[in-house]
Amino acid sequence: MTLDSYREQVKPIIDPVVAACIRMKITPDSCTVLSLIAAAGAGIGFYFYEIGIGTACILLNALFDALDGSIARAMDIQSLKGDFLDHTVDRYADIFMICGIFAGPLCPWQIGVFGLTGVLMASYLGTQAQAVGIGRFYGGFLGRADRLILLIGAGVASVISSALIIGLSLFAWVLLIFGIFGHITAAQRFLHVWKQL
């Protein structure tokens, strides 16, 4: 089960932030755009081996990504347009962050591409379930919240120590996990939808 299933547990923490955003007239769409800018900042930071900056930007991406939907629900202005924008931006955010890691010195490109394909296929099948009339499905081993936590953990640990593990950085290992468990998650989601159909 992914961390996405614990949204209700973090609601008491995020609700005051949502209320403050509404008072400041911050819209869900502006949070979505800010999450994309933060993801681009993360990718650039990792590309230039600025791990602290990259990790801080992932934290901002996670915050803004959590806020956009929460603000929309609190204001009762959820829409298909906003949902479409959010999912589009999330995929570009994943691409920016992961490409920044393997285009720079943190990870071999082969592992990076494997990780990226796992992430994109798992995400695609989560929303494709809705496209074929089954309803959105985010089950499986590795969701977006899990990936962000793993990247943040790797970033914090790498700031403390840049030691390699069997010749690979922590980021390379994380992207290897993304590849393996991303494709397993994609398979789980495919099978779920296939059975429903």
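Residues numbered from 1 in each chain as written. Predicted model: local features only at pLDDT ≥ 70, side-chain atom pairs only at ≥ 80, totals over all residues. Heavy atoms only, no water.

(A) Geometry of the packing of helix 4 (residues 80–103) against helix 5 (residues 109–131). Close contact between helix 4 and helix 5 brings their axes to 9 Å; oriented N to C, the two are set at 170 degrees. It follows that helix 4 is roughly antiparallel to helix 5 by the angle criterion. Between helix 4 and helix 5, the contacting residues are His87, Arg91, Asp94, Ile95, Ile98, Cys99 and Phe102 on the first element and Trp109, Gly112, Val113, Leu116, Val119, Leu120, Ser123 and Thr127 on the second. Of the residues that constitute the contact of helix 4 with helix 5, the class distribution is 9 nonpolar, 4 polar and 2 charged. (Axes fitted to C-alpha atoms, helices over the stretch in contact; angles between N-to-C directions. Helix = DSSP H or I, 4+ residues; strand = E, 2+ residues; numbered from the N terminus. Parallel < 35°, antiparallel > 145°, perpendicular 65-115°, else oblique. Contact = heavy atoms within 4.5 Å. Nonpolar A, V, L, I, M, F, W, Y, C, P; charged D, E, K, R; others polar.)

(B) Highlighting the pattern of salt bridges. For the coordinates displayed, the defined rule picks out 6 salt bridges. Of the charged contacts, one joins Arg144 and Asp94 as a salt bridge, the two residues approaching to 3.2 Å between their closest N and O atoms. Of the two residues, Arg144 is situated in helix 6 (residues 144–160) and Asp94 in helix 4; the sequence distance between them amounts to 50 residues. In terms of burial, Arg144 and Asp94 fall into one category: buried. The partner of Asp94 in a salt bridge is Arg147, and the shortest N-O contact between them spans 3.2 Å. (Salt bridge = Lys/Arg side-chain N within 4 Å of Asp/Glu carboxyl O. Buried < 20%, exposed > 50% of the residue type's maximum accessible area, 1.4 Å probe, protein only.)

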